[in-house]
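# Architecture at a glance
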Amino acid sequence: MFVPVSKPFLDEVEINNVTEAITKKDISGLAGTFLPEFEEGFARYCGVKYGAAVNSGTTALHLAVAALGIGKDDEVLVATMTNMATFFAVLYQGAKPIPIDCEPDTLNIDTKLIEAKITSRTKAIIVVHLYGHPVDMDPIMEIAKKHNLFVIEDAAEAHGAKYKGKVVGGIGHIGCFSFYSNKIITTGEGGMVVTDDKELIEKCRLLKNLAFGDKDKFMHQALGFKYQMTNLQAAVGVGQLKKIEKIIERKREIADYYIKHLSGVKDIILPVEKPYAYNVYWMFNILLTGSLSGKRQVLMSKLLEGGVQTREDFVPYNEQEIFLKEGIVEKDSCPVASSLYSDGLYLPSGTDITEEELAFVVDRFIKVIDNLK
Ligand SMILES: Cc1ncc(COP(=O)(O)O)c(C=O)c1O
């Protein structure tokens, strides 16, 4: 038996949509009906008015930062525990990202640490709803209001997660999603920005397609990007959107199974669901502690040998060698993230995992860690 970390959930709905797009020859980022249908449908799902689909979560983040007018000499406060795409988006614009440490349980941005890092140059906060658990958004929105900052939500891993009943991505000024193949819903590669702000979405739409001129097409209005999602990808997205609730339900069932069978196991910390949260458990993340701390690599290798694929947690910004070498970040600036990240890994969490496979994963995991203790 081999159980992968995840596999996308695709069926004849996506196949038929893609076939339709190809048959009609509507394959670009400007042609066809699947694109507007996906943008409108997904924005509505997030509880906001507008969506602009792009070709990745990374480009969604860059587009958001650029459309908000963030550039050289600006600072942006960013959750340190994330995929580095979140930080790259700020760096692409020549602005300076300032890492903020994480909470030890959710690994999300620690809202108590934000205000101390605000300067006259700070323009925005980027929060990341890590592994599907929503960030505590009320303090974020209060701080942003008080200091006149934009809030960008990186919801790449948290489609459908809710904060006090509100779908994430639609709470801040702009939300960014990824539809990479391992995400809650996928278009292979892809992304989207969502917002209630008409002016902002118009700026995003302009910038994501080379900022072509109004009257004279090739007299460009700004330094634009080529970040379009194709109608072919949107055809997949429209199919996926129909299944999103089913996918989330399954993710939560998988999490329930792991929690039921792994609670009480010594020296591991399981994911939480705070009282304000509806966690979509994108991936079931575990932290090793006590006698297991420092043994992640050997654990992962042994699990893989036995047919269970796992993946290690992100390396936080303040531990990234390229930035440490450049001297643009200090290693000890986020001690909680530094102390935890190398002990984090996630278990297979694909929606098609069977009960037999779940039992197999739990059995292998317990046996391997017992041998390591
Ligand atoms: C938190 C987070 N932000 C951004 C990204 C970038 O998305 P993409 O891979 O679609 O560019 C990812 C994921 O892969 C992610 O997990």
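Calculation rules
Residues numbered from 1 in each chain as written. Predicted model: local features only at pLDDT ≥ 70, side-chain atom pairs only at ≥ 80, totals over all residues. Heavy atoms only, no water. 1 Å grid on protein atoms, 1.4 Å probe; cavity = no way out; pocket = protein on both sides within 12 Å on 5 of 7 lines; lining within 4 Å. Points joined across faces, edges and corners; volume = space filled by probe spheres on them. Helix = DSSP H or I, 4+ residues; strand = E, 2+ residues; numbered from the N terminus. Nonpolar A, V, L, I, M, F, W, Y, C, P; charged D, E, K, R; others polar. Domains from an automatic or database assignment. Pairing = 2+ DSSP bridges. Axes fitted to C-alpha atoms, helices over the stretch in contact; angles between N-to-C directions. Contact = heavy atoms within 4.5 Å. Buried area = accessible area lost by both parts, 1.4 Å probe. Salt bridge = Lys/Arg side-chain N within 4 Å of Asp/Glu carboxyl O. Polar contact = N/O pair within 3.5 Å; in protein donor to acceptor, adjacent residues only side chain to side chain. Near = heavy atom within 4 Å. Areas by Shrake-Rupley, 256 points an atom, 1.4 Å probe, with all protein chains shown as cover. Sits in = over half its atoms within 2 Å of the grid points.

Here we take up the layout of surface pockets. Estimates place the volume of the largest pocket at around 340 Å³. Mapped onto the lining of the largest pocket, the elements with two or more residues apiece are α3 (57–67), α4 (85–92) and β13 (311–312). Each residue belonging to the lining of the largest pocket can be placed in one class, and the counts come to nine nonpolar, nine polar and seven charged. Viewed by domain, the lining of the largest pocket spans two of them, domain 1 (12–240) and domain 2 (244–372), each represented by three or more residues. One number sums up the size of the second largest pocket: a volume of about 250 Å³. Leu 30, Arg 205, Lys 208, Asn 209 and Gln 228 are the residues nearest the centre of the second largest pocket, which is lined by 16 residues in total. If you list the elements that add at least two residues to the lining of the second largest pocket, you get α2 (34–45) and α6 (198–208).

What follows deals with the sheet that holds strand β5 (residues 150–154). Reading across from one edge, β1-β9-β8-β5-β4-β2-β3 is the order of the seven strands in this open sheet, with mixed pairing throughout. Strands with a single pairing partner mark the edges of an open sheet, and in this sheet they are β1 (50–54) and β3 (96–100). Between one strand and the next, the sheet's axes are offset by a mean angle of 20 degrees, whatever the strand orientation. With five bridges connecting them, β1 and strand β9 (residues 191–195) associate as antiparallel partners. Within β9, the position partnered with Tyr 50 by the bridge is Thr 195. This element, α6, spans β1, β8 (174–178) and β9 of the sheet and lies at about 15 degrees to β1.

On the basis of which strands lie adjacent, the open sheet formed by three strands has the order β7-β6-β11 and antiparallel pairing. The open sheet is flanked by β7 (166–167) and β11 (277–278), the only strands paired with a single partner.

The next thing to look at is the domain arrangement of the protein chain. Where interface size is given, it is often the accessible area lost as the parts come together that is meant. Here the domain parsing of the protein chain yields domain 1 (12–240) and domain 2 (244–372). The C-alpha-based centres of domain 1 and domain 2 are spaced at 25 Å. Each side of the interface is counted separately: domain 1 has 41 residues, and domain 2 has 36 residues. Together, the buried faces of domain 1 and domain 2 total about 3,200 Å²; carbon and sulfur atoms form 68% of this surface. When the area that domain 1 buries against domain 2 is broken down by residue, the three leading residues are Tyr 131, His 133 and Ile 184, summing to 22%. Counting across the interface, domain 1 meets domain 2 through two salt bridges. Close ionic contact of Glu 103 with Lys 274 constitutes a salt bridge, the shortest N to O distance being 3.8 Å. On the surface where domain 1 and domain 2 come into contact, there are 15 residue pairs in polar contact (both at pLDDT 80 or more). Among the secondary structure elements, those contributing two or more residues to the side of domain 1 that touches domain 2 are α2, α4, β3 and β6 (162–163). A breakdown of the residues in the side of domain 1 that touches domain 2 according to their chemical character gives 22 nonpolar, 10 polar and nine charged.

Moving on to empty space enclosed by the protein. Counting across every chain of the model gives two cavities of 30 Å³ or more. In this structure, the largest cavity occupies an estimated 150 Å³ of space. Contributing to the lining of the largest cavity are 15 residues, with Asp 105, Thr 106, Pro 271, Val 272 and Asn 285 lying nearest its centre. Each residue belonging to the lining of the largest cavity can be placed in one class, and the counts come to 10 nonpolar, four polar and one charged.

Neighbouring residues of the ligand: 17 residues in total, closest Thr 58, Asp 154, Glu 157, Ser 178 and Lys 183. For the ligand, an oxygen atom lies 3.3 Å from a polar atom in the side chain of Asn 83. The side chain of Glu 157 places a nitrogen or oxygen atom 2.6 Å from an oxygen atom of the ligand. Its free accessible area being 380 Å², the ligand has 90% of it covered by the protein chains. Taken atom by atom, the bulk of the ligand overlaps the largest pocket. Of all elements in the fold, only α3 and α4 reach the threshold of two or more residues within the shell around the ligand. For the shell around the ligand, the leading source of residues is α3, giving three residues. Residue composition of the shell around the ligand, by class: six nonpolar, eight polar and three charged.

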